[in-house]
Amino acid sequence: MLILKDIRKNLDFFKKKIKSRYVNNSDSLLDSLISNDESLRKNLELQQNLQNKRNSISKALGAHKDKGSDDFKKLSTEVTEVKNEINKIETLISDLKKKIDETLYTLPNIPLEDVPIAEDEKGNVELKKVGQIKTFDFKPLSHDEIGESLDLIDFEIATELSGSRFSILKKDLAKLERALVNFMLDIHTEENGYDEYNVPILVNTKAMYGTGQLPKFRDDQFQTNNDLWLIPTGEVPLTNMVANKITKYEKLPLRYVAATPCFRLEAGSAGKDTKGMMRQHQFSKVELVSIVQPEFREKELEKLLKSAERVLELLKLPYRVMLLSTGDMGFSAEKTYDIEVWIPSQEKYREISSCSSCSTFQSNRMKARYKTVDNKNELLATLNGSGLAIGRTIIAILENYQNKDGSIEIPLVLQKYMSKKSIS
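Given the structure is predicted, the values throughout are model-derived calculations rather than measurements.

1. Notes on the overall build of the protein
For the protein, the helix and strand inventory stands at 13 helices and 18 strands. Along the first, second and third principal axes, the C-alpha set of the protein runs to 105 × 45 × 40 Å. Here the protein holds 424 residues, and the buried ones make up 51% of them. Restricting the contact set of the protein to residue pairs at least 6 apart, pairs at least 24 apart contribute 72%. Summed over its atoms, the accessible surface of the protein is roughly 21000 Å², and 47% of this surface lies on carbon and sulfur atoms. Here the protein carries 64 positive and 63 negative side-chain charges, and the mean point of each set is 4 Å from the other.

2. Some remarks on the packing of helix α7 (residues 171-191) against helix α10 (residues 297-315)
Between α7 and α10, the shortest axis-to-axis distance is 10 Å and the interhelical angle comes to 125°. Relative to α10, α7 is oriented oblique. With respect to the hand of their crossing, α7 and α10 are arranged in right-handed fashion. Residues L180, F183, M184, I187, H188 and E191 of α7 form the contact with α10, whose own contacting residues are S307, A308, R310, V311, L314 and L315. Residue composition of the contact of α7 with α10, by class: 8 nonpolar, 2 polar and 2 charged.

3. Describing a negative patch on the surface
A contiguous patch of negative charge, built from E145, E148, E156 and E160, is present on the exposed surface. Contributions of two or more residues to the negative patch are made by α5 (143-149) and α6 (155-162). Note on placement: E160 falls in helix α6.

4. Looking at the sheet that holds strand β11 (residues 319-323)
Judged by pairing direction, the sheet is mixed, and its 8 strands sit side by side in the order β1-β11-β12-β13-β16-β10-β9-β4 without closing on themselves. Where the open sheet ends on each side, the last strands, each with one partner, are β1 (125-130) and β4 (195-196). In terms of strand pairing, strand β13 (residues 348-357) meets strand β16 (residues 381-389) through 3 bridges, oriented antiparallel. Across the sheet, S356 pairs through a bridge with N384, a residue of β16. Sheet strands touched by α10: β1, β9 (254-263), β10 (282-292), β11, β12 (335-343), β13 and β16. Its angle to β16, the strand with the most contacts, is close to 5°. Where helix α12 (residues 390-400) meets the sheet, its contacts fall on β10, β12, β13 and β16, and the angle it forms with β16 comes to roughly 35°.

5. Some words on the side chain of T336
Along the chain, the position of T336 falls in strand β12. Separated by 2.7 Å, the side chains of T336 and S356 make a polar contact. The residues contacting T336, other than those within four sequence positions of it, are M322, L323, L324, M329, G330, S354, C355 and S356.

6. Digging into the side chain of S353
Looking at the element boundaries, S353 is found in strand β13. S353 sits in the buried class, given a relative accessible area of 0%. At 2.5 Å, the side chain of S353 forms a polar contact with the backbone oxygen of S386. Not counting the four nearest positions on each side in its chain, S353 is found in contact with A308, Y337, D338, I339, S386 and L388.

7. Quick notes on the packing of aromatic side chains
Applying the stated criterion across every chain, the model contains 9 aromatic pairs. With a centroid separation of 5.1 Å and 70° between ring planes, the pair formed by Y105 and Y209 is classed as edge-to-face. Of this pair, Y105 sits in helix α4 (residues 70-106) while Y209 sits in helix α8 (residues 205-211), and the two are 104 residues apart along the sequence. Ring geometry for W342 against Y349: centres 5.1 Å apart, planes inclined by 70°, an arrangement best described as edge-to-face. Residue classification places W342 among the buried positions, given a relative accessible area of 13%.

8. Regarding the sheet that holds strand β7 (residues 228-230)
Across the sheet, 3 strands lie side by side as β5-β7-β6; this open sheet has antiparallel pairing. The open sheet terminates on both sides in strands that have one partner only, identified here as β5 (202-204) and β6 (222-223). With 2 bridges connecting them, β6 and β7 associate as antiparallel partners. If you follow F222 over to β7, its bridge partner there is L230.

9. Section: the environment of L379
Here L379 shows up in strand β15 (residues 377-379). Sequence separation of L379 and N84 is 295 residues, and the distance between their C-alpha atoms is 39 Å. L379 has contacts with I3, P294, T360, S363, N364, A368, R369 and Y370, leaving out every residue within four places of it along the chain.

10. Brief notes about the environment of K275
Position of K275 among the secondary structure elements: in the loop between β9 and β10. Residues K275 and F155 lie 120 residues apart in sequence; the distance between their C-alpha atoms is 9.4 Å.

11. Brief notes about the pairing of β13
In terms of burial, β13 is largely enclosed, as 7 of its 10 residues are buried. Here β12 runs beside β13; their pairing, made up of 9 bridges, is antiparallel. Residue pairing across strands places T336 opposite S356, the latter belonging to β13. Counting the residues between successive antiparallel strands, the hairpin from β12 to β13 contains 4 residues, one of them, E347, with a positive phi of roughly 55°.

12. Details of the nonpolar core
Core analysis: the largest hydrophobic core is formed by 55 residues, its most contacted members being L180, I394 and L414. At 9 residues, the largest contribution of residues to this core is made by α7. For L414, the contacting residues outside a window of four places in its chain are L176, A179, L180, F183, L315 and I397. Core analysis: the next-biggest nonpolar cluster, separate from the first, contains 27 residues, I7, L30, V79 and F331 among them.

Parameters at a glance
- Note on numbering: residues in each chain are counted from 1, in written sequence order.
- With pLDDT at 70 or above as the cut-off, local features in this predicted model cover only qualifying residues; side-chain atom pairs require 80 or more to be listed or tallied, and sums for whole chains, interfaces and linings still use all residues.
- Only hydrogens and water are set aside when side-chain values are computed; all heavy atoms of the structure are taken into account.
- Helix numbers and strand numbers start at the N terminus; a helix is a DSSP run of H or I with at least 4 residues, a strand a run of E with at least 2.
- Accessible area is worked out with a 1.4 Å probe on protein chains only. A residue is then buried under 20% of its type maximum, exposed over 50%, and partly exposed in between.
- Contacts are assigned to residue pairs that have any heavy atoms within 4.5 Å of one another.
- Only the protein chains shown count as covering a residue, and every accessible area follows the Shrake-Rupley method with a 1.4 Å probe.
- In this count, Lys and Arg are taken as positive residues and Asp and Glu as negative ones, while His and the chain termini are left out.
- For charged residues, the charge sits on one atom: NZ in Lys, CZ in Arg, CG in Asp, CD in Glu.
- A fitted line through C-alpha atoms serves as each axis, taken over the contacting stretch for helices, and the angle formed by two N-to-C directions is quoted from 0 to 180°.
- Reported orientations rely on four angle classes, namely roughly parallel under 35 degrees, roughly antiparallel over 145, roughly perpendicular from 65 to 115, and oblique for the rest.
- It is the rotation of the near helix from the far one that decides the hand of a crossing: anticlockwise by less than a right angle makes it left-handed, clockwise makes it right-handed.
- When residue character is reported, Ala, Val, Leu, Ile, Met, Phe, Trp, Tyr, Cys and Pro are called nonpolar, Asp, Glu, Lys and Arg charged, and the others, Gly included, polar.
- Here the term patch refers to residues with relative accessible area over 30% and no salt bridge, with like charges joined within 9 Å and nonpolar side chains (Val, Leu, Ile, Met, Phe, Trp, Tyr) within 5 Å.
- By salt bridge we mean one thing: a side-chain nitrogen of Lys or Arg within 4 Å of a carboxyl oxygen of Asp or Glu.
- By definition, two strands form a pair when at least two bridges between them are found by DSSP.
- Two N or O atoms count as a polar contact when they lie within 3.5 Å, although within protein this holds only if one can serve as hydrogen donor and the other as acceptor, and sequence-adjacent residues are included solely when both atoms are side-chain atoms.
- Put simply, two rings from Phe, Tyr or Trp (the six-membered ring, in Trp's case) pair if the centres are within 6.5 Å, and we call them stacked under 30 degrees between planes, edge-to-face over 60, tilted for the rest.
- In plain words, nonpolar cores are sets of buried Ala, Val, Leu, Ile, Met, Phe, Trp, Tyr and Cys residues tied together by side-chain atoms within 4.5 Å.

This is the structure:
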């Protein structure tokens, strides 16, 4: 969430930046926000004056000796009128605060200066390509064709059990998923310096607000009947671990990693990736979260990116890194790198990781602060990234490591986890 006093001080700057995020009616939203803020501050001052007046009259009443005098009755009437005015103003103040919060909760983060300004993914900038795209001497199959031909994926029974956009992984493919989780966790904890956590996959509404999933993305979430939410990403519980806390300076940076199932309704993806495992309601992901002092966040984002890239390098999967435009990056992000892995059957790169710096946007929502060296309480910076999405990594391995005879070579770094060299 943006900081209101910053908007108040530099309205034109925020109008320019929010407009670059392609928010509808952004200028009028900000004008309304400032108008409500001014009205709130005036009414807060009036409330204070009326409370002082009420206290003064109440004190005079308490000291009055003749309770039946006209003077006493007049003071009693006055204090009642003042109390009624205070009640009206308190209602108005409550309404204004609600309107201000509603607006702030709908405004996205401010992009950094080097983020390209564009409305959608067409404005994304390719930064680099890594790895050699394999040339096949046969027509490569898609992951779903491979999985079904080897009897390792069952979409039909999954649909009977749960509906569309679910799958059942069987035998060696189920083992490959487990191997990938263990491999990624080992890399991130032993080589990249993250601490492993096992976190809840059900969180409360406050936690979903804290990281920005609510209220804007309510329609994309699974909610239970007791007001808990299935997490769309491990970012939610990991980041919220510092909510409403003051972290000691010497404890920073905090670097967390967790493997979790994730759940998304995919409400806005009708007709997209309906075949296979590319876009599902339930999927596994290894998530990286960093909590740092704001001045170190851009350097930390580069570390986060390299940590995610390292997994693909070890798996020897070709990929590219994209710098996302203002219109394509996530709501809470100020800067985002997407890592896209090569998918042979589609002959294009597809997202497998998204690494973002959120500056103080989430910490302001969560009231997550740290104690500075000069003993002040300041907002933390939060970052997150996939390290990696497991389902899409499986897709990439099946398609890039497929052989003409229908078998799948297992990447060298996974063979010790699988106790075999190929799947057939």
